[in-house]
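Single-letter residue listing:
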Amino acid sequence: MRIDNPKILAALPELGVELRPGQAMSELTSLGIGGTTDVLRIKKHEGIPDLLNLLEQHGVPHKFLGGGSNLLVGDGELPWVVMTLVKPDPDVVLSGNFAQIDAAADLGRTVTYCAKNDLGGMEGLIGVPGTIGGALRMNAGAYGMQIGSYVREVKLYRAAERKIEILRDDQISFEYRHTSFAPDDMMLAVKLELPSKPFKEILQGIRICNEKRRSSQPLGQKSAGCIFKNPPGKSAGRMIDELGLKGLNVGDARISDRHANFFVNAGSASAKDMLTLIGDVRERVHKAFDVELEHEVVVWNG
Ligand code: EPU
């Protein structure tokens, strides 16, 4: 979608927003899939309420992009524009056991930065691609930990209230790959409270998680991490593997040979290929195990 309304174009600089016209979403997502649209890069949080009012007044549909690492975007010219936060400098500020982090901060770099300052707890998230905002929204987790456990405050744009608010941890619920944030809330910043640990000890934990991940996940390939959530008490990857589906493909969309819940883009897969593969696997798992797999990956298709 193209923004060509002169009123919107004229207002953007004042709101601290930079327009990047006709961006390929395939370049902004780890799967390397997705059509084109205009991208609005937000440089100051304070401009967000006015920006959203402006887009809504002029009937411009919009979506909010984090790191693009857990996202499958549709093909062709997309029927909405994309907003994204520009990372401030610095993006992490430490004070005692608290870390104040901008939502646009890179998750892995943040974990490492905190570790170097003897703050641990997030070792399991090393190697998970994406931003702090995305990790927060999905309550990212791995190897027995989840980011929600360390959250003390979240600064967000609350779509329902049309304003920026700060929520305390007791006003938010974090569950397995799910949070109580509304779908159109925008994560802006978070305050984490992290346990003190010597850097050397954290590094050891990081090395173990890195090794486990390297040996079980296709890290060098284009993917969006796990495609399906694990049903309670079950492993989606194991079920797909048991059906002998590793390597199954629709065009260049392929089930990884290394981990059956990772679907990779082995070349120039389209969203249509990937969605067909996902639908086929859901059906086969349903038939064989009587289990309805739920998407873990976020799908923006239409
Ligand atoms: N398994 C197989 N075949 C496979 C994949 C897995 O038999 O192809 C078996 C494994 O041997 C193991 C069990 O299934 O016994 C579970 O596998 P794994 O330890 O790899 O964990 P997972 O449940 O598949 C979850 C998260 C990952 C996270 C890892 C490590 C979900 C959907 N996935 O995977 O998160 O990295 O645990 O903690 O919760 C993501 O969220 O995108 C993601 C990759």
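Anyway, here's the lowdown on the structure attached to this text. If you're wondering where the values come from, they're calculated on a predicted model, not measured in any experiment.

Focus: the packing of aromatic side chains
Aromatic ring pairs are reported here in terms of the distance separating the ring centres and the angle at which the planes meet.
Okay, step 1: Counted by the stated rule, this structure contains three aromatic pairs.
Okay, step 2: Between the aromatic rings of W80 and W300, the centroid separation amounts to 5.5 Å while the plane-to-plane angle is 80°, which identifies the pairing as edge-to-face. Separated by 220 residues along the polypeptide, W80 in the loop between β4 (71-73) and β5 (81-85) and W300 in strand β18 (residues 298-300) bring together distant segments of the chain. Just as W80 is buried, W300 falls in that class too.
Okay, step 3: Look at F174 and F181: their rings are 6.2 Å apart centre to centre, the planes differ by 75°, and that puts the pair in the edge-to-face class. Residue F174 shares its accessibility class with F181, and that shared class is buried.
Okay, step 4: Over the aromatic face of F98 sits the side chain of K191, whose NZ or CZ is 5.1 Å from the ring centroid.

Things to note about the pairing of strand β7 (residues 98-102)
Okay, step 1: Across four bridges, strand β6 (residues 92-95) lies against β7 in antiparallel orientation. Bridged to V92 within β7 is I101.
Okay, step 2: Connecting β6 to the next strand, β7, in antiparallel fashion are two residues, including G96 with a positive phi near 60°.
Okay, step 3: Inspection of the sheet shows β7 paired to strand β14 (residues 186-193) by five bridges, in the antiparallel sense. When the bridges of β14 are listed, D102 appears paired with A189.

Focus on the environment of V297
Okay, step 1: If you trace the backbone, V297 turns up in the loop between α7 (271-289) and β18.
Okay, step 2: Discounting residues that sit within four places of it in the chain, V297 has contacts with N70, L71, L72, A224, C226 and I227.

A short note on the sheet that holds strand β16 (residues 253-255)
Neighbouring strands of a sheet are bound in pairs by backbone hydrogen bonds; such pairs are parallel or else antiparallel.
Okay, step 1: Across the sheet, which stays open at both edges, the three strands sit in the order β15-β16-β17 with antiparallel pairing between neighbours. Unpaired on one side and paired on the other, β15 (249-250) and β17 (263-265) mark the two borders of the sheet.
Okay, step 2: Across three bridges, β16 lies against β17 in antiparallel orientation. Its bridge partner being in β17, A253 is matched across the sheet by N265.

Looking at the sheet that holds β14
Okay, step 1: The antiparallel open sheet is built from five strands, whose spatial order is β6-β7-β14-β10-β11. Of all the strands in the sheet, just β6 and β11 (163-168) have a single pairing partner and so form its edges. When the angles between neighbouring strand axes are averaged without regard to direction, this sheet yields 15°.
Okay, step 2: Here strand β10 (residues 151-158) runs beside β14; their pairing, made up of six bridges, is antiparallel. If you follow L156 over to β14, its bridge partner there is M187.
Okay, step 3: Each of β6 and β7 touches helix α3 (residues 107-116); the most contacted strand, β6, lies at about 25° to it.

As for helix α5 (residues 199-216)
Okay, step 1: When the terminal C-alpha atoms of α5 are compared, their 26 Å separation across 18 residues agrees well with the 26 Å that a helix rising 1.5 Å per residue should span.
Okay, step 2: Here α5 has its buried residues at I202, I206, C209 and R213. Buried residues of α5, viewed axially, fall in a sector of 70°; they line one side. Looking at α5, the residues exposed on the side facing more than 90 degrees away from the buried face are K200, Q204, R207 and S215.
Okay, step 3: Buried residues along α5 sit in contact with α3 and β8 (141-142).

Looking at helix α2 (residues 48-57)
Okay, step 1: For α2, the full list of buried residues reads I48, P49, L51, L52, L54 and L55.
Okay, step 2: Trailing α2 by a residue or two, G59 shows a phi angle of about 60°, which is positive.

Regarding the pattern of salt bridges
Okay, step 1: Summed over all chains, the structure comprises 17 salt bridges.
Okay, step 2: The salt bridge involving R152 is made with D169; its shortest N-O contact spans 3.4 Å. Placement of the pair is R152 in strand β10 and D169 in the loop between β11 and β12 (174-175), with a sequence separation of 17 residues.
Okay, step 3: Overall, the relative accessible area of 25% leaves R152 in the partly exposed class.
Okay, step 4: Overall, the relative accessible area of 31% leaves D169 in the partly exposed class.
Okay, step 5: Of the charged contacts, one joins R282 and E292 as a salt bridge, the two residues approaching to 3.2 Å between their closest N and O atoms.

Rules and cut-offs
- Residues numbered from 1 in each chain as written.
- Predicted model: local features only at pLDDT ≥ 70, side-chain atom pairs only at ≥ 80, totals over all residues.
- Heavy atoms only, no water.
- Phe/Tyr/Trp six-rings, centres within 6.5 Å; stacked < 30°, edge-to-face > 60°.
- Helix = DSSP H or I, 4+ residues; strand = E, 2+ residues; numbered from the N terminus.
- Buried < 20%, exposed > 50% of the residue type's maximum accessible area, 1.4 Å probe, protein only.
- Lys NZ or Arg CZ within 6 Å of the ring centre and 35° of its normal.
- Pairing = 2+ DSSP bridges.
- Contact = heavy atoms within 4.5 Å.
- Axes fitted to C-alpha atoms, helices over the stretch in contact; angles between N-to-C directions.
- Expected span 1.5 Å × (residues − 1).
- Arc of directions from axis to C-beta.
- Salt bridge = Lys/Arg side-chain N within 4 Å of Asp/Glu carboxyl O.

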